[in-house]
Amino acid sequence: MNLLQAIQQAADSQNLTPSAHTNIQTWLEVEELPEWTRNSLTELIQGEEWEELNDRFYKDITFGTGGMRGRTIGKIMTSSEKGNTATEDSPERPMVGSNALNDYTLLRATMALFNYVKNFLEEQGRYETPTLVIAHDVRHFSRRFCLLAASLWSRLGGISMVFDGPRSTPQLSFAVRRRSAHAGIVITASHNPSHDNGFKAYFEDGAQVVSPQAEGIVEQYTKSTLQQTIEYLEIDESEIRILPQDDDIAYLKVVEQAAIDPEIIQKQKPKVVFTPIHGTGAISTVPALWELGLEPIVVDAQNKQDPRFPTVESPNPENPEALEMGISLARKTGAEAVIATDPDSDRVGVVTLGKNKKYTVLNGNQISALLAEYRINKLKELGCLPEAGTERATIIKTFVTTPLVDAIARGQGLNCINTLTGFKWTGQRIRDYETQLKKELQKKEGISLDYDRTDYYTRINLGLKYAKAFLFACEESFGYLPYDFVRDKDGNASTIAFCELISDLKSRNETVLEYLDNIYLKYGYYDQKTVSVYFEGESGAQKIKNILYSYKTDPPKTLDGKKIISKKDYNESGYKDNDGKLIPTENFYIFTLDNDYSYAVRASGTEPKMKFYVFGTAFCKSLDELKNEKQNVTENINKIANAIKEDSILRSEG
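Residues numbered from 1 in each chain as written. Predicted model: local features only at pLDDT ≥ 70, side-chain atom pairs only at ≥ 80, totals over all residues. Heavy atoms only, no water.

Trainee: So what about the overall build of the protein? Which residues, and what values?
Mentor: For the protein, the helix and strand inventory stands at 22 helices and 21 strands. Its C-alpha atoms give the protein a radius of gyration of 25 Å, within 12% of the compact-globule value 26 Å for 654 residues. Seen along its three principal axes, the alpha-carbon backbone of the protein occupies a region of about 75 × 60 × 55 Å. Looking at the protein as a whole, 61% of its 654 residues are labelled buried. (Helix = DSSP H or I, 4+ residues; strand = E, 2+ residues; numbered from the N terminus. Rg over C-alpha atoms; globule rule 2.2 N^0.38 Å. Buried < 20%, exposed > 50% of the residue type's maximum accessible area, 1.4 Å probe, protein only.)

Trainee: Explain the packing of aromatic side chains residue by residue, including any values.
Mentor: Counted by the stated rule, this structure contains 22 aromatic pairs. Considering the side-chain rings of Y116 and F120, the 6.3 Å spacing of their centres and the 20° angle between planes classify their relative orientation as stacked. Pair noted here: Y116 and F120 are both in helix α6 (residues 103-123), with a separation of 4 residues, about one helical turn. Here Y116 and F120 have matching classes, each one buried. With a centroid separation of 5.0 Å and an interplanar angle of 75°, the aromatic rings of F120 and F203 are classed as edge-to-face. Note that F120 is positioned in helix α6 and F203 in strand β5 (residues 196-203), a separation of 83 residues in sequence. For the pair shown, F120 and F203 are each scored as buried. Over the aromatic face of Y221 sits the side chain of R108, whose NZ or CZ is 4.2 Å from the ring centroid. (Phe/Tyr/Trp six-rings, centres within 6.5 Å; stacked < 30°, edge-to-face > 60°. Lys NZ or Arg CZ within 6 Å of the ring centre and 35° of its normal.)

Trainee: Go over helix α13 (residues 281-291) with me, naming the residues and quoting the values.
Mentor: Those residues of α13 not exposed but buried are G281, S284, T285, V286, P287, A288 and L289. At its buried positions, α13 is contacted by α8 (169-178), α11 (245-256), β7 (272-275), β8 (297-298), β9 (337-341) and α19 (491-507). Following α13 by one or two positions, G293 adopts a phi angle in the positive range, close to 95°. (Contact = heavy atoms within 4.5 Å.)

Trainee: Can you lay out the pattern of salt bridges for me, pointing to particular residues and giving the numbers?
Mentor: Enumeration over the complete set of coordinates arrives at 48 salt bridges. Notably, a salt bridge pairs K355 with E514, separated by 3.2 Å at the nearest N-O pair. Here E514 lies in helix α20 (residues 512-523) and K355 lies in the loop between β10 (348-353) and β11 (359-361), a separation of 159 residues in the sequence. Given a relative accessible area of 30%, E514 falls into the partly exposed group. Between K552 and D569 there is a salt bridge, with its nearest N and O atoms 2.7 Å apart. Here the residue K552 occupies a position in helix α21 (residues 537-553), and D569 occupies one in strand β18 (residues 562-569), the gap between them amounting to 17 residues. Since its relative accessible area comes to 2%, D569 is described here as buried. (Salt bridge = Lys/Arg side-chain N within 4 Å of Asp/Glu carboxyl O.)

Trainee: Help me get a handle on the side chain of Q220, residues and values and all.
Mentor: Counting through the fold element by element, Q220 comes out in helix α9 (residues 213-223). Exposure remark for Q220: the relative accessible area of 14% places this residue in the buried category. Once residues within four sequence positions are removed from consideration, Q220 is found in contact with A112, N115, Y116 and N119.

As structure tokens, this is what we get:
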């Protein structure tokens, strides 16, 4: 029995899904398919590994919240994928499959981006050569994917530029603007497990692609075929340009500007443990700290770039387990804080030392509130903002980030914009503010502003007079942006920002936790819990669809004995933000209970899971009252979270 007959028989017996059968057949019918790829398919089919084949082929990998991410190492590795030189957990070749990140899907994605950019420029009458900057992290095949994409772009007639090694995601965003490129790519899966990798697409403003670019690229991707990638599988480095060290120096100077008051850092010199968790953080974060007069205590074992992330279960600073080595080193050295960045250094985790000499892991919402309150106060202190605030000054957050940030903005007299999940929406809004400022300045003053050559504080001043001024952005999943030189979350700059906060508090003999409690007393105590329910593979994808569909057609009326008094369904159009802009539609729901608690529902755009966010609030007048309310709110949130999780399992069955 040949392979086509074997998969037909598997489809007839329902071992293979119809979509997986179709996609595998498409691959087998490509005569020029490399031998190692055909051997992998042969091994899986002859071994009757139908579940693995279904997971690999049930769909084409597509763009989600952060581009596209997927497995690059299979649950089952074939002999051809393992190769002759690879270790058990470091294969020689990426996994075969249409629903995987491998040479073929990466080439299709790059081809789609090139075609979209080329058409975009032509439609605008811009007869320019499509120019691309690519960065990559330390993951399996990241360098290969980077060079493969750059090679394709050059062979298609474009100009491609890459770094000489791994760089962080925020540096890519900066480099796109610095190099006046039309697009950017980051090869990374951020904080995902080591078996994943990803492709994030950026446009000429240095931000992740949003509508209509995202849909246009996806359309181009669907038009491309596996057959078209075959001739580009060999990497040609002859036309790839390597970016000079000047680009690193320029970004480093920008990162240093995340400190509003660098003198306080130099004066106080807080003792900080830093870990890049085997990723790119050491490339930019550590030198920036040195330049500001700090000598971070680096976790040596996690300072080694390693795609296996061998010292952690997950390279995610959201997980306390990933910070354990940093905390251990902090105890030995008496450090005041532990700061960790994820593999592509766009997220930051923080552990802080209290008056009781115990270390506390902060969550993303707490870090968001701390940085927002501190930076607003510091900008007011320096005269960059009016004391009473102004609606022209803006903080940006996602809907699922703590409402405490909204409360801080209101209390400070500022504007707070809520966006859907993903920093691409923050990047889009900053671009809108930039465009509005340049337009108004030209109209009212006859001045043509070179935005990138204008310093940040001048931008704020001009924004307050003529448009909107961006101050800070945050999300609960440990992403922050303290300036607008970069149009994505920036773990390097956020590390600097938090070190400044520590320094300022140290000068006042106040701990981070004491400062946080004062924020709660001032604005209210806000707590939150995120519940993630994983659904792997094709069957999991269907369960996620079932949950989202059930929330649309049969929304809950009660939860944990509490009546649901309101629902916002962002599938429906018409919702507007505080700038009066329409919010794009998405499978996203917010429910409010009759005790003023609420929860949000969405599917992750980067991982196979449903995410539920539970919010609780209490208002206190004293520290004693605050202590009691913290416990009460946490208990109530946990009850609601457990009820949501149980309900989601039932809804997943359809």
